[in-house]
Amino acid sequence: MPRRFSLNVPLTIVVIFWAFNFPAMKRIYIEIPPATVCFVRHIVIWALLASYCFLTKRSLKLPREDAFRILLCGLTSMGLYMIPFLEGLKLTSPTNCAIILAIAPILTILFAWVAGQERSSSLILLAAGVAFIGVAIVIAGGPHVAQHTSLLGDGLVLLSAAIWAVATVIMRPLLAKYDPIPLFTMSLPGALPVLLPYGLYSIIKHPVTHISLETSILFAHVTLLSGVVAFVCYYTGFRQTNATTTTMYQFCIPPVAAFFSWLYVRQAITLTQILGICVVIAGVWAVSIARQRLLVQSAPA
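Each value, and the rule that gives it
- Sequence order sets the numbering: in each chain, residues are counted from 1 along the sequence as written.
- Whole-chain, interface and lining totals are the exception, using all residues; otherwise, since this is a predicted model, local features are given only for residues with pLDDT of at least 70 and side-chain atom pairs are given and counted only at 80 or more.
- Excluded from the side-chain calculations are hydrogens and water; all other atoms, namely the structure's heavy atoms, are used.
- Labels follow the DSSP assignment, with helices taken as runs of H or I lasting at least four residues and strands as runs of E lasting at least two, numbered in each case from the N terminus.
- Buried, partly exposed and exposed residues are distinguished by accessible area as a fraction of the type maximum, computed with a 1.4 Å probe on protein chains only: under 20%, between the cut-offs, and over 50%, respectively.
- The contact definition used throughout considers only heavy atoms, calling two residues in contact when any of these lie within 4.5 Å.
- For this analysis, a nonpolar core means a set of buried residues of the types Ala, Val, Leu, Ile, Met, Phe, Trp, Tyr and Cys, connected via side-chain atoms within 4.5 Å.
- The axes are straight lines fitted to the C-alpha atoms, using for helices just the contacting stretch, and the angles between their N-to-C directions are given from 0 to 180°.
- Each angle is binned into one of four classes, with values under 35 degrees roughly parallel, values over 145 roughly antiparallel, values of 65 to 115 roughly perpendicular, and all other values oblique.
- Put simply, a crossing is left-handed when the front helix is turned counterclockwise from the back one by less than a right angle, and right-handed when it is turned clockwise.
- Residue polarity is assigned by list, with Asp, Glu, Lys and Arg as charged and Ala, Val, Leu, Ile, Met, Phe, Trp, Tyr, Cys and Pro as nonpolar; anything else, Gly included, falls into the polar class.
- Cavity: a set of points on a 1 Å grid over the protein atoms alone where a 1.4 Å probe fits but cannot get out. Pocket: an open set with protein on both sides within 12 Å along at least five of seven lines, its lining residues, like those of a cavity, having an atom within 4 Å of a point.
- Grid points are joined across faces, edges and corners, and a volume is the space filled by probe spheres set on the points.
- Like charges within 9 Å and nonpolar side chains (Val, Leu, Ile, Met, Phe, Trp, Tyr) within 5 Å are joined into patches, using only residues over 30% in relative accessible area that form no salt bridge.
- Only the protein chains shown count as covering a residue, and every accessible area follows the Shrake-Rupley method with a 1.4 Å probe.
- When a carboxyl oxygen of Asp or Glu lies within 4 Å of a side-chain nitrogen of Lys or Arg, that pair is called a salt bridge.
- Confidence per residue, as judged by the predictor, is encoded in pLDDT with a range of 0 to 100.
- Pairing of aromatic side chains requires ring centres within 6.5 Å, counting the rings of Phe and Tyr and the six-membered ring of Trp. Pairs whose planes differ by under 30 degrees are stacked, by over 60 edge-to-face, and all others tilted.
- Comment: the charge-over-ring label is applied if NZ (Lys) or CZ (Arg) is within 6 Å of the ring centre and within 35 degrees of the ring normal.

1. Quick word on the overall build of the protein chain
Each helix and strand counted, the protein chain has 14 helices and zero strands in total. Each helix and strand of the protein chain, placed in order from N terminus to C terminus, yields the pattern α-α-α-α-α-α-α-α-α-α-α-α-α-α. Out of the 301 residues belonging to the protein chain, those deemed buried represent 50%. Sequence separation of 24 or more characterises 89% of the internal contacts of the protein chain that already satisfy a separation of 6 or more.

2. Quick word on the nonpolar core
By size, the foremost hydrophobic cluster in this structure holds 74 residues, and its most contacted members are F22, F85, L86 and L101. Contact partners of F85, with chain neighbours within four places excluded, come to F22, C97, L101 and S160. Core analysis: the second largest hydrophobic core is formed by eight residues, I170, M171, L174 and M186 among them.

3. Examining the environment of L125
Locating L125 in the fold gives a position in helix α7 (residues 122-145). Between the alpha carbons of L125 and I109 there is a distance of 9.9 Å; along the sequence they are 16 residues apart.

4. Considerations on the packing of helix α1 (residues 9-28) against helix α13 (residues 253-264)
Between α1 and α13, the least distance of the axes is 8 Å, while the angle of their chain directions is 40 degrees. In terms of their interaxial angle, α1 and α13 are classed as oblique. Both α1 and α13 take part in a crossing whose hand is right-handed. From α1, V15, I16, W18, A19, F20, F22, P23 and R27 reach across to α13, where they touch I253, V256, A257, F260, S261 and Y264. Within the contact of α1 with α13, the residues separate by chemical class into 12 nonpolar, one polar and one charged.

5. Observations concerning unusual backbone geometry
The phi torsion at K57 lies on the positive side, around 60 degrees, for a residue other than glycine. Residue classification places K57 among the exposed residues on the basis of a relative accessible area of 77%.

6. Some details on empty space enclosed by the protein
Scanning the model with the defined rule gives one cavity of 30 Å³ or more in all. Of the voids in this model, the largest cavity is the one considered here, and its volume is about 30 Å³. In terms of lining, the largest cavity is formed by C38, R41, H42, M78, M82 and L195. Ranked by residue count, the leading element in the lining of the largest cavity is helix α2 (residues 34-55), at three residues. Partitioning the lining of the largest cavity into residue classes produces four nonpolar, one polar and one charged.

7. Comments concerning a nonpolar patch on the surface
A cluster of nonpolar residues, F259, W262, L263, I269, L271 and I274, forms a patch on the protein surface that exposes about 590 Å² of accessible area. Contributions of two or more residues to the nonpolar patch are made by α13 and α14 (271-298). Of all the elements, α13 adds the most residues to the nonpolar patch, at three residues. Along the polypeptide, W262 turns up in helix α13. Residue W262 is classed as partly exposed on the basis of its relative accessible area, which comes to 40%.

8. Some remarks on the confidence of the model for the protein chain
Detailed reading of the predicted coordinates is not advisable wherever pLDDT is low. The pLDDT averaged across the protein chain works out to 83; a share of 88% of its residues lies at or above 70. Mean pLDDT in the protein chain bottoms out at helix α12 (residues 243-251), which sits at 66, and peaks at helix α3 (residues 67-80), which reaches 94.

9. Structural notes on helix α4 (residues 82-91)
For an α-helix, the turn length of 3.6 residues means that residues three or four places apart are oriented alike. Among all positions in α4, only M82, P84, F85, L86, G88 and L89 are buried. Looking at the buried side of α4, the elements it contacts are α1, α2, α3, α5 (94-101), α8 (151-175) and α10 (192-205).

10. Looking at the pattern of salt bridges
Inspection of every chain in the model, using the stated rule, returns four salt bridges. Note that R27 and E214 form a salt bridge whose closest N and O atoms lie 3.0 Å from each other. A residue pair is termed long-range when its members are at least 10 positions apart, and R27 in helix α1 and E214 in helix α11 (residues 213-240) qualify at 187 residues. Taking the relative accessible area as the measure of exposure, R27 reaches 16% and is therefore buried. Between R58 and D179 there is a salt bridge whose closest N-O contact spans 2.9 Å. Pair noted here: R58 is in the loop between α2 and α3 and D179 is in the loop between α8 and α9 (180-187), with a separation of 121 residues, a long-range link. The partly exposed category is assigned to D179, whose relative accessible area is 26%. Put simply, R27, E31 and E214 are held in one network by salt bridges that share partners.

11. A few points about the packing of aromatic side chains
For the structure on display, the rule yields nine aromatic pairs. Centre to centre, the rings of F20 and F260 are 5.5 Å apart; their planes meet at 85 degrees, and the pair counts as edge-to-face. Linking F20 in helix α1 with F260 in helix α13, this pair joins segments that are 240 residues apart in sequence. Pair check on accessibility: F20 and F260 agree, each one buried. Relative to F85, the ring of Y81 has its centre 5.5 Å away and its plane inclined at 10 degrees; by these criteria the two rings are stacked. What makes F85 buried here is its relative accessible area of 7%. Connected via pairs of aromatic rings, a cluster forms that spans F20, F259, F260, W262 and Y264. The ring of W262 carries R266 above its face, with NZ or CZ at 6.0 Å from the centroid.

Laid out in structure tokens, this is it:
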């Protein structure tokens, strides 16, 4: 009998929380600058995850042999990544941002291939090219078709996707040795050399004197729900299923983000964006399938 589809609740929560993150951040920027959001959010997430690890009796002692690599993960994933992502989102649309970030898994596979962590194939490279064509469609059409988009914003988001892929490649060997939640928590101090000057300068130059109730609720979402709960749900869901299924759920984030952007910030979805979403998802899906086949072929009999 064919296996029935079973909804993975933790991964469904991840899709909803991460998709709504894009229009929520856009709305927060009206009252709070990106750098201030980034710095305060980072400190709150760090404190909450550290408390979670303490209550669940997970050790946060940095292992000496991997301390540098763990902190480097924090520097790239929560430091260098966050700046172009947040500044890019400020300049482009939430929908464009979600579509462009969707190629991060492909960049991760390509960078892992360069680093010798994975094998590649002509089919993977061809499918990756298809996904990049989708991104090119979105970037080329965005400034002329959709409001509140810019080439600079799209370019910054693309840069952030590349940095995130590098961070993932750096963290991969560590995920085989450590529990992901304390590992991520231990890495967070590594981002401070970047976030301290970035955030403190913004707080001093643009002090926030008033925050509306709506912005407070949205900030709670991007910090607590998409920053802490979604991260815990992601690894919980990942352990309940497999990498391919997890990737399939991630395919849902761009269209759901586009829906939330239309519903909440009233940003129209253009035909160019719809085409870009379809092409990017097709490319990422094809890469995932080709990678899975390659892993099966290379597995010992």
